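Fold and geometry: a report
Here is what each chain is made of, one letter per residue.
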2 protein chains.
Amino acid sequence: MITISDVAAKAGVSRATVSYVLNEKNTSVKISAPTRNRVLETASELGYRRNELARAMITGKSRMLGFWVMQSNREPVVRVLAGAMKEADENDYFIKMLGFDNDTLDSRTLERCIEWRLAGIIAFHAPEESMRHLLPQIKETGIPFVMVDSQHPPTDCLNIEADHASGMTAIVEHLVAQGHRRIAFLGGRNGNEDSISGAREKAYRNAMERVGLHRECQVEYGDWRAEFSQWESGTTAAATHRLLNATPRPTAIACASDHIAMIVMRLAAERGLQVPQQLSVTGFDDVTAATLYNPPLTTVAQPFEEIGRSAVRHLISPSSQQPSQVLPAHLVVRGSTLKPPSK
Amino acid sequence: MITISDVAAKAGVSRATVSYVLNEKNTSVKISAPTRNRVLETASELGYRRNELARAMITGKSRMLGFWVMQSNREPVVRVLAGAMKEADENDYFIKMLGFDNDTLDSRTLERCIEWRLAGIIAFHAPEESMRHLLPQIKETGIPFVMVDSQHPPTDCLNIEADHASGMTAIVEHLVAQGHRRIAFLGGRNGNEDSISGAREKAYRNAMERVGLHRECQVEYGDWRAEFSQWESGTTAAATHRLLNATPRPTAIACASDHIAMIVMRLAAERGLQVPQQLSVTGFDDVTAATLYNPPLTTVAQPFEEIGRSAVRHLISPSSQQPSQVLPAHLVVRGSTLKPPSK
DNA sequence: GTGAAAGCGCTAACAC
DNA sequence: GTGTTAGCGCTTTCAC
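Residues numbered from 1 in each chain as written. Chains lettered and ligands numbered in written order. Predicted model: local features only at pLDDT ≥ 70, side-chain atom pairs only at ≥ 80, totals over all residues. Heavy atoms only, no water.

**Notes on the side chain of B:S336**
Residues and elements named next belong to chain B. Structurally, S336 is set in the segment after β12 (330-332). At 2.5 Å, the side chain of S336 and the backbone oxygen of V281 are in polar contact. Apart from the residues lying within four places of it in its own chain, the contact partners of S336 are M265, V275, P276, L279, S280, V281, P295, P296, L297 and T298. (Helix = DSSP H or I, 4+ residues; strand = E, 2+ residues; numbered from the N terminus. Polar contact = N/O pair within 3.5 Å; in protein donor to acceptor, adjacent residues only side chain to side chain. Contact = heavy atoms within 4.5 Å.)

**Considering the interface of chain B and chain A**
With 56 residues of chain B at the interface, the matching set in chain A holds 56 residues. Taken over both partners, the interface formed by chain B and chain A buries close to 5,700 Å², and the fraction arising from carbon and sulfur atoms is 63%. Of all residues in chain B, B:L53, B:F94 and B:L292 bury the most surface against chain A, accounting for 14% of the area lost on that side. If you look at where chain B meets chain A, you find eight salt bridges. In this structure, B:R112 and A:D92 form a salt bridge, with 3.3 Å as the shortest nitrogen-oxygen distance. Along the contact surface separating chain B from chain A lie 20 residue pairs in polar contact (both at pLDDT 80 or more). Secondary structure elements with two or more residues in the side of chain B that touches chain A: α4 (52-59), β1 (64-70), α5 (75-90), β2 (94-100), α6 (107-115), α11 (258-270) and α12 (288-292) of chain B. (Buried area = accessible area lost by both parts, 1.4 Å probe. Salt bridge = Lys/Arg side-chain N within 4 Å of Asp/Glu carboxyl O.)

**Examining the protein's contact with DNA strand D**
Near DNA strand D there are 29 residues, and of these A:T17, A:T35, B:I4, B:R15 and B:Y20 occur at the shortest range. Counting only the atoms of DNA strand D that lie within 4 Å of the protein, the sugar and phosphate share comes to 53%. Interatomic distance of 2.4 Å between a side-chain N/O atom of A:T17 and a phosphate oxygen of DNA strand D. Every element with two or more residues in the surface near DNA strand D is listed here: α2 (15-22) and α4 (52-59) of chain A together with α2 (15-22) and α4 of chain B. A class-by-class count of the residues in the surface near DNA strand D yields 14 nonpolar, nine polar and six charged. (Near = heavy atom within 4 Å. Nonpolar A, V, L, I, M, F, W, Y, C, P; charged D, E, K, R; others polar.)

**Observations concerning the sheet that holds strand β6 (residues 183-187) of chain A**
All names here are of chain A. Strands sit in the order β7-β6-β8-β9 across an open sheet of four strands; the sheet is parallel. Lying at the two open borders of the sheet, with one neighbouring strand each, are β7 (218-221) and β9 (280-282). In this sheet, adjacent strand axes meet at a mean angle of 20° when their direction is disregarded. Sheet topology note: the strand β8 (residues 252-255)/β9 ladder contains three bridges and is parallel. (Pairing = 2+ DSSP bridges. Axes fitted to C-alpha atoms, helices over the stretch in contact; angles between N-to-C directions.)

Here is the structure:
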């Protein structure tokens, strides 16, 4: 492989000169046009390729960003990633994937980030327990760090997420405007206020209270990370059945995610319950299938790509130290909601 | 940051010794247990972290694998990626994301891979045109390279994909077994035999011929990469309408992907056409929403994760030079197919 | 078994 | 403007 010395030799200049020419932007040193051109020419003649590893080693900066992600095969992951990639790309950074399994994000993951001298880390949906003992270590390393959609964002760490609260509020207001009163909420595994599902649940409760429907609140919990291949026997299905068996039955079910909403719609269909005529259902996320579903799902669109871009932006230009950034999410009304049955 | 010299100094040995201890596996040099332990101890005492950048620079190997992916926000991407990550992780490799837009995969992308001295490259759904002039350049660099689901796999390059042909054949046989004869195919943007949609189409035609239904073949093309947010006005919707307006109407539509199938089912529902009672529909991929759809979609499950793992495996241990690897895909029968209406 | 020393390819003072 | 030079942190002969 051609090195800088080869170029220097052939161009009849020193290695330093070549380096200067190649990094024009980063240095105050000016090289005369003739020399410059000669160097550039020989470089391309020889097929010279800079060695980023060597550069990174010296400068200590790797222009690589770690993207920690749970081994979840969901669409949101790839959409946030897509945004992060674009932003990274435009700034000559790379995204390096670091996966972790089983709810455990061990020190080894961080270790590898340090060993590679990463320029920053994005943690997507990082489990709380792991973060608790990992965050101090991260702080110590000095590697810029942001979380995305953290279920339990520590106060001393930037968390980027969609505006779950206003999104859920919009859902409730939409349903109420249609005439619904018995609006139930179907959440994720746990009901913690801090979790994503919890944030949406809280917004649901607040919104219900604000419109005077506090008494009508009805909440059930399914499994946020359900294995969809066997969803029929899952806790989400069980929770749905509880809701559909209730008397009086809710006229609308606000779900914590699109996938949960789809389970509800499936189960309703199996019972011969018409959505939206007899039951309104809403989701949250706006995954691809939401618009293709039968009926198309009323939901809240999350700005996934912008979340990814924003995360990268914060890492590469450590701006203001706000503790959290909340990106707008907006209601998308489709066919799964309608006025409640007149009965 | 603590370096190897610091450890050496404190442990009272030379830098070389430390290096030996730290890389025990890769070298034939043996270090005595006492020295070894002393070094290890001081290293952890000092909080030493190896500098992978430096190691990579010297050895010329980066243990980083590039994952080229179209800016497509689809679920298959993340599922293949998940598999690749796991395999990489288990072998102490990294996945580095490289995105590209607009059907163009320019030399710049490859350039960056060379500059980082990547240990291998995985190209996911790489556009044919770009590959044609990129492949020779890649060959030249000597960087191991595999393609995944290439629409036009060059003969001199390993391509990994699911068995589209047998999957589609299983679909047709399933439909025929149910009594269908007028089975249409709804494909992607173009009908090239080489494209993925084309491979499925070809299998469809072959299977139809084999069961003596050659005359019943009916093929329409939608847009493989449809923007689903506006699918109603897209070419896939138009193609679907053509199929549903045909006389006699097909009793089954085999679609080239799950998302296309969902569009068909939506449109059928809008016309009051019952799926599966009046029309059977099948997909391909088995995305998450397929099992949650209403009705649940009969489709072919692709071994996405295994595809990802396999790609990585081929890169890090350049095994036999088979031109292509085809992984089994299997039929998943759900509720969107039924015997044709008796009429 | 351990150490000395020569680099890997490049950057960044500092001279001239 | 350009060249000299000293490293960056590590691996790897080659002696001892």
